[in-house]
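# Analysis of the macromolecular model
In case you want the letters, here they are:
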Amino acid sequence: MSAVDPEPEVELWFVDTTPPLADHDTRVDMGPFPAARWCSTRGRDVLGAGVLDAAERERAGRLASPADAARYVRAHVAAREILAARTGLPPAGVRWEVGRHGKPGPVVGQRWNLSRSGDHALVALAETDVGVDVQVRDPRVDVRRLAARFLAPEDARSAADDDPWRRLSRLEACAKAVGGRLLDVLGLDVGATGRVRALDGPWHGQEWWVSDVAAPAGAVAACATPGPRPHAHRTRVWGAERPAHAVARSDAGGER
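The sections below set out a description of the structure shown in this document. Not measured: the values here are computed from a predicted model.

Ranked by internal contacts, the top residues of the largest apolar core, which has 22 residues, are L171, L188, W208 and A224. Listing elements by their share of this core, those giving two or more residues are α3 (143–150), α5 (164–177), β8 (207–213) and β9 (219–226). Listed in part, the 18 residues of the second largest apolar core include V94, W96, V107 and L125.

So, in structure tokens, the structure goes:
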């Protein structure tokens, strides 16, 4: 009799991306990140002190405000630190390919995902493909209208009396888990956690395991892995509990 395989575990890290000096268009304190103590946000020139790659620096520089740029940099520097601790690479040496719809590829075989919303970011590490989403309940957003557009009709009606933010977060996590777009999973019934199956559309027949994630006040979050197999997750807070850096392995490989 063969042993039952354990549930895959997803390691989740919440990151506070609040810019300490969000009202100043000068310098932003990078807090606990030793490799990027500060970054200049004047004129959208966000550098990340050499930790981020050229594409990330360009993306940060295109954001609407210095505060948004600082949030982006803090999230990506944290993701690099977390991946560095897991893989043994230096943070600046972490490299990944980006899929057609923006899903980041593995880093030295490590599957991961990243989501940002408001002053929060969520980083996921897993042995399998994974998608996560964090959503700040923004009162300026017509969330009922979004629910009517993206959720299954019955799910959207139920969400009107429930929490549409949570259901939209589950839907986004499913799309990200398979490297798809939100439009590709329109109508997916995410009214409950657990096993979810696409009955039509580009991902017809695809299954996911979906779980809600305890999020900071004012936000919701969800995690999804492809397939019907349940997953377990543990949640940590970046800064309150930083991962110890691993010793670089000889098989870690170079830049990709």
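What follows is about the sheet that holds strand β10 (residues 232–237). Two strands in a sheet stick together by hydrogen bonds in their backbones, pointing the same way (parallel) or opposite ways (antiparallel). Spatially, four strands are ordered β4-β5-β1-β10 in an open sheet, and the strand pairing comes out mixed. Looking at which strands have only one partner, the edges of the open sheet turn out to be β4 (111–117) and β10. Mean inter-strand twist for the sheet, computed between neighbouring axes without regard to direction, equals 20°. Judged from the six bridges that link them, strand β1 (residues 9–16) and strand β5 (residues 120–126) form a sheet pairing that is antiparallel.

All right, on to the side chain of S169 then. Take S169: it is sitting in helix α5. Taking relative accessible area as the criterion, S169 reaches 0% and is therefore assigned buried. Look past the residues within four positions of S169 in its chain and what remains in contact with it is D133, V134, Q135, V220, A221 and A222.

What counts, and at which threshold
- Residues numbered from 1 in each chain as written.
- Predicted model: local features only at pLDDT ≥ 70, side-chain atom pairs only at ≥ 80, totals over all residues.
- Heavy atoms only, no water.
- Core = buried A, V, L, I, M, F, W, Y, C linked by side-chain atoms within 4.5 Å.
- Buried < 20%, exposed > 50% of the residue type's maximum accessible area, 1.4 Å probe, protein only.
- Helix = DSSP H or I, 4+ residues; strand = E, 2+ residues; numbered from the N terminus.
- Pairing = 2+ DSSP bridges.
- Axes fitted to C-alpha atoms, helices over the stretch in contact; angles between N-to-C directions.
- Contact = heavy atoms within 4.5 Å.

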